[in-house]
Amino acid sequence: MTDEEFFGLQRDVEVLILKKIKTALDDERYSPEHLEALANAFAIVHSEKPADIGRG
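Residues numbered from 1 in each chain as written. Predicted model: local features only at pLDDT ≥ 70, side-chain atom pairs only at ≥ 80, totals over all residues. Heavy atoms only, no water.

1. Brief notes about the overall build of the protein chain
Then comes step 1: Within the protein chain, the regular secondary structure consists of two helices and zero strands.
Then comes step 2: For a compact globule of 56 residues, the expected C-alpha radius of gyration is about 10 Å, and the protein chain comes in at 13 Å, more than 25% above that figure.
Then comes step 3: Over its C-alpha atoms, taken along the principal directions, the protein chain stretches across nearly 40 × 20 × 10 Å.
Then comes step 4: In the protein chain, which comprises 56 residues, the share counted as buried stands at 18%.
Then comes step 5: Restricting the contact set of the protein chain to residue pairs at least 6 apart, pairs at least 24 apart contribute 60%.
Then comes step 6: Counting every atom, the protein chain has about 4500 Å² of accessible surface; 58% of that belongs to carbon and sulfur.
Then comes step 7: Separation between the mean location of the 7 positive side-chain charges and that of the 12 negative ones in the protein chain comes to 3 Å. (Helix = DSSP H or I, 4+ residues; strand = E, 2+ residues; numbered from the N terminus. Rg over C-alpha atoms; globule rule 2.2 N^0.38 Å. Buried < 20%, exposed > 50% of the residue type's maximum accessible area, 1.4 Å probe, protein only. Contact = heavy atoms within 4.5 Å. Areas by Shrake-Rupley, 256 points an atom, 1.4 Å probe, with all protein chains shown as cover. Lys, Arg positive; Asp, Glu negative; His and termini not counted. Charge placed at Lys NZ, Arg CZ, Asp CG, Glu CD.)

Structural data, given as structure tokens:
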């Protein structure tokens, strides 16, 4: 996978998580813990770099 492909995929996943966060903020059925888990997932995806893939 090239760096360009990686960053494109990363951006797509970030957008999906952000959409889910927006849904969670607008829908009271989501718990604060669920929102926190989504925020943590975004932080993890956002911090990944191509060299990190496959290192565990």
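After that view of the structure, there is still more to cover.
2. Describing the packing of aromatic side chains
Ring pairs (aromatic) are described by centroid distance and by the angle formed between their planes.
Then comes step 1: In this structure the tally under the stated criterion is one aromatic pair.
Then comes step 2: Between Phe6 and Phe7, the aromatic rings sit 5.3 Å apart at their centres with planes inclined by 80 degrees, giving edge-to-face as the arrangement.
Then comes step 3: A relative accessible area of 39% means that Phe7 is categorised as partly exposed. (Phe/Tyr/Trp six-rings, centres within 6.5 Å; stacked < 30°, edge-to-face > 60°.)

3. Describing the nonpolar core
Inside soluble globular proteins, nonpolar side chains tend to come together where they are buried.
Then comes step 1: With five residues, the main nonpolar core is built from Ile17, Ile21, Ala24, Leu38 and Val45.
Then comes step 2: Elements that contribute at least two residues to this core include exactly helix H1 (3-26) and helix H2 (32-47).
Then comes step 3: No other element matches H1, which puts three residues into this core.
Then comes step 4: What Val45 contacts, discounting residues up to four positions off in sequence, is Gln10, Val13, Glu14 and Ile17. (Core = buried A, V, L, I, M, F, W, Y, C linked by side-chain atoms within 4.5 Å.)

4. Concerning the environment of Ala43
Then comes step 1: Assignment of secondary structure puts Ala43 in helix H2.
Then comes step 2: Using a relative accessible area of 43% as the deciding quantity, one classes Ala43 as partly exposed.
Then comes step 3: Put simply, Ala43 and Glu14 are 29 residues apart on the chain and 9.0 Å apart in space, counted from C-alpha to C-alpha.

5. Topic: the pattern of salt bridges
Then comes step 1: Summed over the entire model, instances satisfying the criterion amount to three salt bridges.
Then comes step 2: Asp12 is paired through a salt bridge with Arg11; the nearest N and O atoms lie 3.7 Å apart.
Then comes step 3: Where Arg29 meets Asp27, a salt bridge forms, and the shortest distance between an N and an O atom there is 2.6 Å. (Salt bridge = Lys/Arg side-chain N within 4 Å of Asp/Glu carboxyl O.)

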